[in-house]
Amino acid sequence: MFIALFAGAATLLGLMGYLCSRLSPQILRGYTPARAWRDVSLAAVAVGTALYLWGLLHVLLTDEQEQAEECDLRRPGDVPRLVGLRGDFVPLRLVCETPNGHDYNVVIPDYINPSLTVLLLLALFGAAVSGLLHRKQRMSARKKG
């Protein structure tokens, strides 16, 4: 988990540094639609990375006792006991395991995984549009020159 946290933090810092460097007036004047979509895609990746790190911090900052207490608090009434606890990175979750197989999530806020899905789709869409616009721009430049 620490490796994911450090790698995510380094990625986020790099993305934020790059995106902030794109805000100078000279660069903004030369923006094309392809560049704008590329940066929208990278901004979605940066926000998604920050949100993922936020979810990881929820797990990291709760000790095993607090996690077990949270499992007991959210345990359905028909489940007499818990079998175990496991963490998954994709989707990000901390799962309380039951003997009947009806596992449930705790600790990670409910908004994290749906938000990550939307941001991933936005990043993929932005990258695809940017690639298509860049290709169209190159083709028109070839025809002119």
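Structure: above.
Rules used throughout
- Residues numbered from 1 in each chain as written.
- Predicted model: local features only at pLDDT ≥ 70, side-chain atom pairs only at ≥ 80, totals over all residues.
- Heavy atoms only, no water.
- Pairing = 2+ DSSP bridges.
- Helix = DSSP H or I, 4+ residues; strand = E, 2+ residues; numbered from the N terminus.
- Axes fitted to C-alpha atoms, helices over the stretch in contact; angles between N-to-C directions.
- Contact = heavy atoms within 4.5 Å.
- Parallel < 35°, antiparallel > 145°, perpendicular 65-115°, else oblique.
- Left-handed = near helix turned anticlockwise from the far one by under 90°.
- Phe/Tyr/Trp six-rings, centres within 6.5 Å; stacked < 30°, edge-to-face > 60°.
- Buried < 20%, exposed > 50% of the residue type's maximum accessible area, 1.4 Å probe, protein only.

J.: Help me get a handle on the sheet that holds strand 2 (residues 93–97), residues and values and all.
T.: A sheet is described by the order of its strands in space; here three strands give the open sequence 1-2-3, paired in antiparallel fashion. Edge positions in the sheet fall to strand 1 (84–88) and strand 3 (104–106), since each has one partner strand and no second. Direction aside, neighbouring strands of the sheet carry axes that sit 35° apart on average. In the sheet, strand 1 pairs with strand 2 via five bridges, with the strands oriented antiparallel. When the sheet's bridge partners are listed, Gly-87 is paired in strand 2 with Leu-94. Where helix 4 (residues 64–74) meets the sheet, it contacts strand 1, strand 2 and strand 3, and its direction lies at approximately 130° from that of strand 3.

J.: Just give me the short version of the packing of helix 1 (residues 2–21) against helix 3 (residues 33–60), but keep the residues and values in it.
T.: Each packed pair of helices is defined by two parameters, the angle between the axes and the distance between the axes. Contact pair helix 1 / helix 3: the axes reach a minimum separation of 9 Å and the direction vectors enclose 150°. The orientation of helix 1 relative to helix 3 falls into the category roughly antiparallel. Read as a crossing pair, helix 1 and helix 3 show a hand that is left-handed. Together, Phe-2, Ala-4, Leu-5, Gly-8, Ala-9, Leu-12, Leu-15, Met-16, Tyr-18 and Leu-19 of helix 1 and Arg-38, Asp-39, Leu-42, Ala-43, Val-45, Ala-46, Thr-49, Ala-50, Leu-53, Leu-56, Leu-57 and Leu-60 of helix 3 make up the contact between the two elements.

J.: Can you lay out the packing of aromatic side chains for me, pointing to particular residues and giving the numbers?
T.: Summed over the entire model, instances satisfying the criterion amount to one aromatic pair. On the basis of an interplanar angle of 85° and a centroid distance of 5.5 Å, the ring pair of Trp-37 and Phe-125 is categorised as edge-to-face. Pair noted here: Trp-37 is in helix 3 and Phe-125 is in helix 5 (residues 112–144), with a separation of 88 residues, a long-range link. Assessed through its relative accessible area of 29%, Trp-37 is described here as partly exposed.

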